[in-house]
Amino acid sequence: MTLSRHSDGFTLPEVCVALAVFLIGTTALLGCWNFFNREVADERYRLERFYGVVSSMEALIVERPPCADSLLALGHATIRLDRVPGNIPLAWAVVAWDGFSLKRLVRCR
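Owing to the predicted nature of the structure, the values given are computational and were not obtained by experimental measurement. Each chain has its residues counted from 1, following the order in which its sequence is written. In keeping with the model being predicted, local features are shown solely for residues with a pLDDT of at least 70 and side-chain atom pairs are shown and tallied solely at 80 or more, while totals for entire chains, interfaces and linings include all residues. Only hydrogens and water are set aside when side-chain values are computed; all heavy atoms of the structure are taken into account.

**Comments concerning the packing of aromatic side chains**
Any two rings among Phe, Tyr and Trp, with Trp reduced to its six-membered ring, count as a pair given centres within 6.5 Å; such a pair is stacked if its planes are under 30 degrees apart, edge-to-face if over 60, and tilted if neither. All chains considered together, the criterion is met by three aromatic pairs. For the ring pair Trp33 and Phe36, a centre distance of 5.9 Å and an interplane angle of 40° mean the geometry is tilted. Taken together, the residues Trp33 and Phe36, both in helix H1 (residues 12-62) and three residues apart, mark about one turn of the helix. Under the relative-accessibility criterion, Phe36 is labelled partly exposed at 46%. Aromatic pair Phe50 and Tyr51: ring centres 6.0 Å apart, planes at 50°, arrangement tilted. On the basis of relative accessibility, which here comes to 34%, the residue Phe50 falls in the partly exposed class. Each residue in the set Phe50, Tyr51 and Phe100 is aromatic and connected to the rest through ring pairs, giving one cluster. As a reminder, the over-ring test applies to NZ of lysine and CZ of arginine, requiring each to be within 6 Å of the ring centre and within 35 degrees of the ring normal. Positioned above the aromatic ring of Trp92 is the side chain of Lys103, whose terminal nitrogen or guanidinium carbon lies 5.0 Å from the ring centre. Think of it this way: any DSSP run of H or I at least four residues long counts as a helix, any run of E at least two long counts as a strand, and we number them from the N terminus. To sort residues, take the accessible area from a 1.4 Å probe on protein chains only and compare it with the maximum for the residue type: under 20% means buried, over 50% means exposed, and anything in between is partly exposed.

**Section: the sheet that holds strand S3 (residues 90-97)**
Read across the sheet, four strands follow the order S1-S2-S3-S4 without closing on themselves; strand pairing throughout is antiparallel. Looking along the sheet, the strands with just one partner apiece sit at the ends: strand S1 (70-74) and strand S4 (100-107). For this sheet, the mean angle separating the axes of adjacent strands, direction not counted, is 20°. Between any two strands, pairing holds if DSSP finds at least two bridges. Both strand S2 (residues 77-83) and S3 contribute to a ladder of six bridges, which runs antiparallel. Looking at S3, one finds that Ile79 is bridged to Val95. In this description, contact between two residues means that some pair of their heavy atoms is separated by no more than 4.5 Å. Angular values range over 0 to 180 degrees, each being the angle between N-to-C directions of two axes fitted as lines to C-alpha atoms, with helices fitted over their stretch in contact. Set on the sheet, H1 makes contact with S1, S2, S3 and S4; between it and S4 the angle comes to about 10°.

Spelled out as structure tokens, the structure:
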């Protein structure tokens with residue numbers, strides 16, 4: 001009767017090393033996934049602010065503001081109007097919201 005030292009399975013140290021490598025890799029991938037999700041959420045928030053500024057500016061174009069130097073708040077956006085001197089009713093409109101700002105010449109009433 002001969003005893004063979006060759007086995008068809010894995011030894012305990014090999015299994016432990018394989019599990020450690022797998023867990024470290026999984027942890028790294030989850031960390032990258034979390035970073036990616038935060039970046040996507042931040043990009044969505046920036047787009048929301050940008051679209052808010054654009055829609056506020058469009059509202060000023062559609063509904064003519066009064067021709068007076070003023071500072072207004074429309075939703076989250078801040079609107080500053082600076083009247084242009086002259087006979088034509090024009091004003092510089094600056095719409096700002098949390099780092100985004102647009103400046104445009106608009107007709108006023």
